[in-house]
Amino acid sequence: MNSGRSRGIFDGLPIPADKSYLKEGLSRIDESWAEARFDSLPHVVHILTSRDREGEVQFLKEQSDLIEDVVDEVVHAYHHGFNKAIQNYSQILRLFSESAESISTLKVDMAEARKLLGSRNKQLHQLWYRSLTLRHILSLLDQIEGVAKVPSRIEKLIAEKQLYAAVQLHVQSMLMLEREGLQVVGALQDVRSELTKLRGVLFYKILEELHSHLYNKGEYSSSTLNMLDGDEIPTTAIGGVVSNSGQPFSRRTRSIKGEGNFGAGSSLLSSVDGGSSFEGHDDESGAADGLMKDSKSSLRDVPAWLSSATPDEFLETIKKSEASLAVKYLRTLVECLCMLGKVAAAGAILCQRLRPTIHDAITAEIKVYSEHATKARITQGTKPDFCSSKELLDGFKMLKHKNKNGSSLNGTQQIVSPISPLMTPTGQAQRAASELLASVLSSIIHILENHLIVGELLETKSLAHGDSAAAAAAEVNWNPDSESSQATGGYSVTFSLSVVQSECQQLICEILRATPEAATADAAVQTARLANKAPVKEKRDGSEGLSFAFRITEASVSVQNEAQGWKRGANVQQEGYGTASVLPDLGIYLAASVYRPVLEFTDKIRSFLPEKYSQIGNDALLAFSENFLKDHFLPAIFVDYRKCVQQAISTPAAFRPRVQATSVYSPFIEKGRPVLQGLLAVDFLAKEVLGWAQLMPKYASELVEFVRTILERTYDRCRTSYTEVVLERQSYKLLGRSDMENLMRLDPASALLENASDEQNFGHNVLNAETLEIEMQISDLLWSLRPIKQENLIHDDQKLILLASLSDSLEYLADSIERLGESFVSPTSLDDHNHHHHTRSSSAIPKSLLTLANEYRKLAIDCLKVLRLEMKLVTIFHLQEMTNREYLEDQDADEPDDFIISLTSLITCRDEEMVPFISELKRNYIFGGISSVAANALIKALAEIRSINLLGVQQICRNSIALEQALAAIPSMDSEAIQQRLDRVRTYYELLNLPFEALHAYMSEHEYLFSSKEYTTLLKVNVPGREIPRDAF
């Protein structure tokens, strides 16, 4: 039993709902009973072998009765339908019988009609021929009447701007007039003459529309539609326009410098007013309303300019196209030119007017930018940003900002930098030049997209109407002189791209104040070719592209005045595109801001230009910019900045501390950090040079290499200045000894000094046994250098201040180099790998900026180490006077010894002098070693004191107290550590006041407080009134 199946053969039987038990019974009947080839044997065997045969037979009878009931229900349900079908079949049979009788009667009637018509055949033929003649005459009269009205209809369509419908009507009318029957009609001669004139009017009207829409001045151009419709409408649909293959030609096409006129009363450059009204075919509405309706309607609807056109294949193509309205309109205009047979004439005129129109478009864009900038400044109530160089510099003098130490950062910039503040990489002139060129090239991109659409359409139409051999030749040798180019009047995508890039290149030349000397001769060749003169034979090279020879106008002239900087190209005539109205008259340094817009312009051209145009020089503008940067700009800035760096680090004031004596050190340069003027200038110049790298990522490696060079030169100059101060000084010689170097490396203060992140721990070193041991070894080494002579010390305080200022300046420059390295080294390396830049060979491996920063920081630490050693040696120099003398005082003195007074005064004076130049923590490092050296020296000196009494001990204790007070007065010093060290000295000397027995007991109890040698010294020194047994030693 298959009760679980989804649907069986018994499903769908018309069983009433009140007899659902029938459905349940059917569901329990196996469907094998209904098979066509039913085998009863298994069922018989099953019954015979069953234990309950009667039960099985009874079950079969119940199923048989159930099926009988179901059959009754089915018969009852379909009984009415069976009766109705029988009645319908009866009626159909009756209708067939009646139709057969009617056909028989119709055959008899047809035979009789045939006999009657056969008797008058000739008369009927004459009447039929006469009717044909009359119809032809009526048709000719209708055509003559219609043709007579064609000129007025065409004029009306032109007035309604239904140009395609007008061309359709004109072409159809001209074909009609060529018919044999109408050629001899004299009344149509005037109509034929009017249609010939209207052909010219249509041509110039179409050409006017095409020209205006090519340069986005028409009412259906993308710019107009974007203003009317908030939705973004694509400006191109190049993929659906045409698809051709072939080898393009990469020689730039020459332009013609001539006047292009369309005829009397017609001007090609007159733009179509987007707000002017035109009448439609079915309704009268404004142009703006029509454009809004078209732009918001489905792209598959018939555009407004085709509403009066006769349906044809082109109209269906436009309806099915998903291109924008601007592209559809351009395709319509090209189709009109093809229908009129004016492709070559239109192409020739477009070629003639291409260069001057591009020039006018660029000039207009610059004028709009200038007006917008002026309006923005007036709205904000500010003065114009760009004027003559003299006004810029004079105005800049009034804006100089004084920092807290009395120096002017901006003034330093203007004196140090080879350019004015407006011309720096982040200056307003660079930003204005980049924005201006980006705006111009953006508008040029839209124009180029239109030229690509029209150029490919014209070439496609010319190839379609030519023979296959010409088409093949055009694909193999695709150049301006090919048959395809001649068929379009010389107009092609190659020509448009070449002329546009040539004009953009001349615009860049005007911005950079560079003269393209080859441009005039280059254009003359194209003029002669388009004027059907003998062309000049030139070498054609597929990789040549646009070829120009440039002369930089006054690029090497530099005038340096205090607080004015250098000016370039000041005498350049302000003519051409009008860039002088928005840019200052400094040309060559604007090359960096030109690079990025040109790069984006080239990328956009590559993005929409088909593959077959990839070798026609579409990157010629970028190649020119890169060559200009490589051949002119980079050498110029390298020379200028190298000269500025040399001047910055070679002047007497470059390494002269420049702060007021009462000022306080600040870690921020804006608040007066006393960075040496030479290093501050170098840091500014390095940042400015790397600012050019941000504008020119491709040349970042060269610029970073140049920065590394000037930083290395600055480092050498700093090393020289450092050597001049410390040369032949004992501290410098001592720093070079390996034993002292090892001890200072183990010194916790020096270890923390080399780790800038732990600088906050300088003054909080824990005095453990290891630290005390290292201090003891250093002190012993210094004490062994006696006698220390004053001429071996740096006794000039200004030199010490210079070392402190140099250390802080080097630290500042090292931090700045690390930040610059993080910002530029990695991106430059990646960019250098992608663009395959050349690398400079060198005999030595060049250091990275990080390594150079470490060199700067190491030299800064050496300056601090020299100062620390110098203060220790000065301490030894003063304390060595204690030796070889007697401290047998006869009265209690109120003042310390003279050498202690001199030492404490020197420490205080030098600390006060270094306050403006170095941080407190670094001063703690410089003066922090005095306490340990002094404590050790005071204890060591006892061995060389011949005699000492009680008052002498008090005098030495007073000396230690005075020294402790002087050191504790230094901010951030660890006064607790100082007190701990000098308390040990006082404890040591006070032991001299004890008798031998008490001293011996103290030594036993404090065995490790002093060394055995120091305890022995206590016993050996001569103290009047104290008796020491001979066996005490």
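As the structure is a prediction and not an experimental result, all values here were calculated from the model.

Sorry if this is basic, but what is going on with the overall build of the protein chain here?
The helix and strand inventory of the protein chain stands at 35 helices and six strands. Out of the 1033 residues in the protein chain, the part that is buried amounts to 47%. Contacts in the protein chain between residues far apart in sequence, at least 24 positions, make up 80% of those at least 6 positions apart. When the accessible area of the protein chain is evaluated, it comes to approximately 52100 Å², of which 52% is carbon and sulfur surface.

Explanation requested: the environment of Leu879 in the structure shown.
Here Leu879 lies in helix α28 (residues 849–879). Residues Leu879 and Ala934, spaced 55 residues apart in sequence, show a C-alpha to C-alpha distance of 7.5 Å. Look past the residues within four positions of Leu879 in its chain and what remains in contact with it is Trp783, Phe899, Ile900, Ala934, Ala937 and Leu938.

Please explain the nonpolar core as it appears in this structure.
Side chains that are nonpolar tend, in soluble globular proteins, to be buried together. Residues Ile444, Phe633, Trp692, Met696, Met882, Ile948 and Tyr989 are the most contacted members of the largest nonpolar core, which totals 240 residues. Among the elements that take part in this core, α28 stands out by supplying 18 residues, more than any other. With residues up to four places along the chain from it excluded, the contact list for Ile444 reads Ile358, Ile362, Val500, Cys504 and Phe601. Residues Ile15, Ile29, Leu66 and Val70 belong to the second largest nonpolar core, which totals six residues.

Could you clarify how one ought to interpret the packing of aromatic side chains in this entry?
Given two aromatic rings, one states the distance between the centres and the angle between the planes to describe the pair. Applying the stated criterion across every chain yields a total of 16 aromatic pairs. Aromatic pair Phe624 and Phe628: ring centres 6.1 Å apart, planes at 50 degrees, arrangement tilted. Residue Phe624 and its partner Phe628 are both found in helix α20 (residues 620–650); the two are separated by four residues, about one turn of the helix. Using a relative accessible area of 7% as the deciding quantity, one classes Phe624 as buried. The rings of Tyr988, Tyr989, Phe1010 and Tyr1015 are connected pair by pair, giving a single aromatic cluster. Directly above the ring of Tyr925 sits Arg868, whose terminal nitrogen or CZ lies 4.6 Å from the centroid.

Help me out: how do you make sense of helix α29 (residues 898–914) in this one?
An α-helical turn contains 3.6 residues, so any two residues separated by three or four positions project in the same direction. The terminal C-alpha atoms of α29, which comprises 17 residues, lie 24 Å apart, in line with the 24 Å expected from a rise of 1.5 Å per residue. Those residues of α29 not exposed but buried are Phe899, Ile900, Leu903, Thr904, Leu906, Ile907, Arg910, Asp911 and Met914. An end-on view of α29 places all buried positions within 155 degrees of arc, on one side of the element. Opposite the packed face of α29, turned more than 90 degrees from it, sit the exposed residues Asp898 and Glu912.

Looking at this structure, I do not really get a nonpolar patch on the surface. What am I missing?
On the surface, a nonpolar cluster with roughly 380 Å² of combined accessible area is contributed by Leu134, Ile137, Leu138 and Leu141. Along the chain, Ile137 turns up in helix α4 (residues 121–159). A residue is classified by how much of its surface remains accessible, and Ile137, at 41% relative accessible area, is partly exposed.

I'm lost on the environment of Leu903 in this one. Help?
Structurally, Leu903 is set in helix α29. Taking the relative accessible area as the measure of exposure, Leu903 reaches 0% and is therefore buried. Considering only alpha carbons, one finds Leu903 and Ile876, 27 residues apart in sequence, at a separation of 9.8 Å. When neighbours within four sequence positions are excluded, Leu903 is seen to be in contact with Val874, Thr875, His878 and Leu963.

Sorry, what's going on with unusual backbone geometry here?
Note on backbone geometry: most residues besides glycine have negative phi, and most peptide bonds are trans. Between Arg786 and Pro787 the backbone carries a cis peptide bond, its omega angle lying at 0 degrees. Summarising the element assignment, Pro787 is placed in the loop between α26 (769–783) and α27 (797–835). Positive phi values are uncommon outside glycine, yet Glu728 reaches one of about 65 degrees. By secondary structure assignment, the location of Glu728 is in the loop between α22 (700–726) and α23 (730–735).

In this structure, what is going on with the confidence of the model for the protein chain? I would like to understand it.
In regions of low pLDDT, the predicted coordinates are not meant to be interpreted in detail. Overall, the predicted model of the protein chain reaches an average pLDDT of 75, with 73% of residues at or above 70. Across residues 467–478, confidence stays below pLDDT 50; counting only partners more than four residues off in sequence or on other chains, it has 17 contacts. Here residues 518–574 is a poorly scored stretch, pLDDT under 50, and it has 126 contacts once near neighbours within four places are set aside; other chains count.

Looking at this structure, I do not really get the pattern of salt bridges. What am I missing?
Should the charged atoms of two oppositely charged side chains come close, the side chains can pair. Applying the stated criterion to the full structure yields 27 salt bridges. Taking the shortest distance from any N to any O, the salt bridge between Arg94 and Glu98 comes out at 3.2 Å. Note that Arg94 and Glu98 are positioned in helix α3 (residues 53–118) at a spacing of four residues, about one turn of the helix. Using a relative accessible area of 45% as the deciding quantity, one classes Arg94 as partly exposed. You can call Glu98 partly exposed: its relative accessible area is 39%. As a salt-bridge pair, Asp739 and Arg737 come within 2.7 Å of each other at their nearest N and O atoms.

Conventions adopted
Residues numbered from 1 in each chain as written. Predicted model: local features only at pLDDT ≥ 70, side-chain atom pairs only at ≥ 80, totals over all residues. Heavy atoms only, no water. Helix = DSSP H or I, 4+ residues; strand = E, 2+ residues; numbered from the N terminus. Buried < 20%, exposed > 50% of the residue type's maximum accessible area, 1.4 Å probe, protein only. Contact = heavy atoms within 4.5 Å. Areas by Shrake-Rupley, 256 points an atom, 1.4 Å probe, with all protein chains shown as cover. Core = buried A, V, L, I, M, F, W, Y, C linked by side-chain atoms within 4.5 Å. Phe/Tyr/Trp six-rings, centres within 6.5 Å; stacked < 30°, edge-to-face > 60°. Lys NZ or Arg CZ within 6 Å of the ring centre and 35° of its normal. Expected span 1.5 Å × (residues − 1). Arc of directions from axis to C-beta. Patch = residues over 30% accessible without salt bridge, like charges linked within 9 Å, V, L, I, M, F, W, Y side chains within 5 Å. Salt bridge = Lys/Arg side-chain N within 4 Å of Asp/Glu carboxyl O. pLDDT = per-residue confidence, 0-100.

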